[in-house]
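Structural description and commentary
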Amino acid sequence: MSLRLGDAAPNFKAVTTEGEIDFYEYLGDNWGILFSHPADYTPVCTTELGKTALLKGEFAKRGVKVLAVSVDPIDSHLGWRNDINETQSCTVDFPIIADDKREVAALYDMIHPNASEKATVRSLFVIGPDKKVKLIITYPASTGRNFFEVLRVVDSLQLTANYSVATPADWKAGEDVIVVPSISTEDAVKKFPKGVKVVKPYLRYTPQPNQN
Ligand code: BEZ
């Protein structure tokens, strides 16, 4: 059965470009992003892994450890990684899993046979420090993901986890956030000293709590 939000992220051991890893040990107490690619030496994947490497500082700022997976063997990954570094002007130093037995792909339901019998689709999972699945997105092979959107969702998830706020449509970092429905307006006023704007009893905004 496929994974759903709130499920425990399955642990695994794997051979990667950074050596053998145990997924949970690699994550430690951090947030994690596990994302799959259809195949090595393909154009869209090359840009995606390059972009992820270039955003290393943004992921680190948020305490997020990234891990890529595709179903090609380790020798292929190592050669392709040189191409990514060369063409995308980056240094890929996060692990790329060599999932040639498709074990991780199966655990995370990354092969969608009606799209491709053999290759993984572009699956992305955000995993919380509690090892629960917080976000699942699935893109087709032909569409590269927007990694600024991935960062934006991580920001939203971390705000919810740390401050009990939600984020409205098209929210960007620094904009007002929404008080979650489970908090009464009376409690919200105490909890959010920057102020609470009540538009409707169920629609209440407050400035982003972790911004000056
Ligand atoms: C790729 O770059 O991974 C790709 C591009 C178009 C179709 C399928 C895969």
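What this report covers is the structure whose coordinates are included nearby. (Residues numbered from 1 in each chain as written. Predicted model: local features only at pLDDT ≥ 70, side-chain atom pairs only at ≥ 80, totals over all residues. Heavy atoms only, no water.)

Here we look at the site of the ligand
Taken together, the neighbourhood of the ligand is formed by Thr-42, Pro-43, Val-44, Cys-45, Arg-122, Ala-141 and Ser-142. Backbone polar atom of Pro-43 to an oxygen atom of the ligand: 3.2 Å apart, as the coordinates give it. Between Val-44 and the ligand, the recorded distance is 2.6 Å, taken from a backbone N or O atom to an oxygen atom. Burial of the ligand by the protein amounts to 67% of the accessible area it has alone, namely 270 Å². The element that contributes the greatest number of residues to the shell around the ligand is helix 2 (residues 43-54), accounting for three residues. For the shell around the ligand, a count of residues per class yields four nonpolar, two polar and one charged. (Near = heavy atom within 4 Å. Polar contact = N/O pair within 3.5 Å; in protein donor to acceptor, adjacent residues only side chain to side chain. Areas by Shrake-Rupley, 256 points an atom, 1.4 Å probe, with all protein chains shown as cover. Helix = DSSP H or I, 4+ residues; strand = E, 2+ residues; numbered from the N terminus. Nonpolar A, V, L, I, M, F, W, Y, C, P; charged D, E, K, R; others polar.)

Considering the side chain of Arg-62
Its location among the elements puts Arg-62 in the loop between helix 3 (56-61) and strand 4 (64-70). Classification of Arg-62 by relative accessible area gives buried; the value is 17%. In this structure Arg-62 touches Trp-31, Leu-151, Val-154, Asp-155 and Gln-158, once residues within four positions along its chain are discounted. (Buried < 20%, exposed > 50% of the residue type's maximum accessible area, 1.4 Å probe, protein only. Contact = heavy atoms within 4.5 Å.)

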